[in-house]
Structures are given as C-alpha cells and as structure tokens.
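Structure at a glance
The residues making up each chain are set out below.
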Amino acid sequence: MSVTHRTRERLVFGAGNITVDNVDVGATTGGAILRIVQNLYEPNFDGVEGPLKESLRRTHLAASLECTVVEIRADLLAYAMTRGV
C-alpha cells in the first residue's frame, strides 16, 4: 500500500488491541506481524501449452499473528489458546 492523501486518516498510534471472537484479550505494543501462508496447485494437463486460465487452486491457507501482549489475564489467555490463537 502506498502513501496517499488518505494515509493520515488510517494511522494508528499507541497500543494495539487483540480480540478473539469479539472478546477483548489484551493490549499490545511494538507492532504486529501478520503472516498468511498459502499453498497453490496448478495442474499440468497433457497437450496444453502453458498455464490454463483459472485452473490455479488454493490447497491450504493459514494465518498467524505475532505480537507482544502487555496486558492479559489468565482466563483470557486460556480463552485465546482454545480458539487456536
């Protein structure tokens, strides 16, 4: 995403906040890293020279969020962990 005339409106300052299923888990600091990993499969058909339009398929998709939580309660940590966070 490049800088535009609307960038100023989208800036976030201070601590972030983690929510899981709309439940507030805790405040974060130091930014966050969001990773999305996907496996793609493109079949190779006999007699077709080059890629076949719209044949690419996603076989796996996984997302992860890495951050430093500066505030959390034991019950909220347990809740987040049972949700696969």
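Further up the page is the structure itself.
A brief look at the structure comes next. Nothing here was measured: the structure is a model prediction, and the numbers come from that model.

Here we come to the sheet that holds strand β2 (residues 23–41). The strand order across the open sheet formed by three strands is β1-β2-β3, and the pairing between neighbours is antiparallel. Two strands lie at the open edges of the sheet, namely β1 (16–20) and β3 (57–69), each paired on one side alone. On average, adjacent strands in this sheet sit at an angle of 45 degrees to one another, irrespective of strand direction. Of the strand pairs in this sheet, β2 and β3 are connected by 12 bridges, and their pairing is antiparallel. Paired with L34 across the bridge in β3 is L65. Most of the contacts of helix α2 (residues 74–82) go to β2, to which it runs at about 10 degrees, and overall it touches β1 and β2.

What follows covers the pattern of salt bridges. On inspection of all chains with the given rule, the structure shows two salt bridges. For E66, the salt bridge goes to R35, with nearest N and O atoms at 2.9 Å. One end of the pair, E66, is in strand β3; the other, R35, is in strand β2, with 31 residues separating them in the sequence. Looking at E66, the relative accessible area reads 42%, which means it is partly exposed. Residues D75 and R73 are paired through a salt bridge, measuring 3.0 Å at the closest nitrogen-oxygen approach.

Reading guide: rules and limits
Residues numbered from 1 in each chain as written. Predicted model: local features only at pLDDT ≥ 70, side-chain atom pairs only at ≥ 80, totals over all residues. Heavy atoms only, no water. Pairing = 2+ DSSP bridges. Helix = DSSP H or I, 4+ residues; strand = E, 2+ residues; numbered from the N terminus. Axes fitted to C-alpha atoms, helices over the stretch in contact; angles between N-to-C directions. Contact = heavy atoms within 4.5 Å. Salt bridge = Lys/Arg side-chain N within 4 Å of Asp/Glu carboxyl O. Buried < 20%, exposed > 50% of the residue type's maximum accessible area, 1.4 Å probe, protein only.

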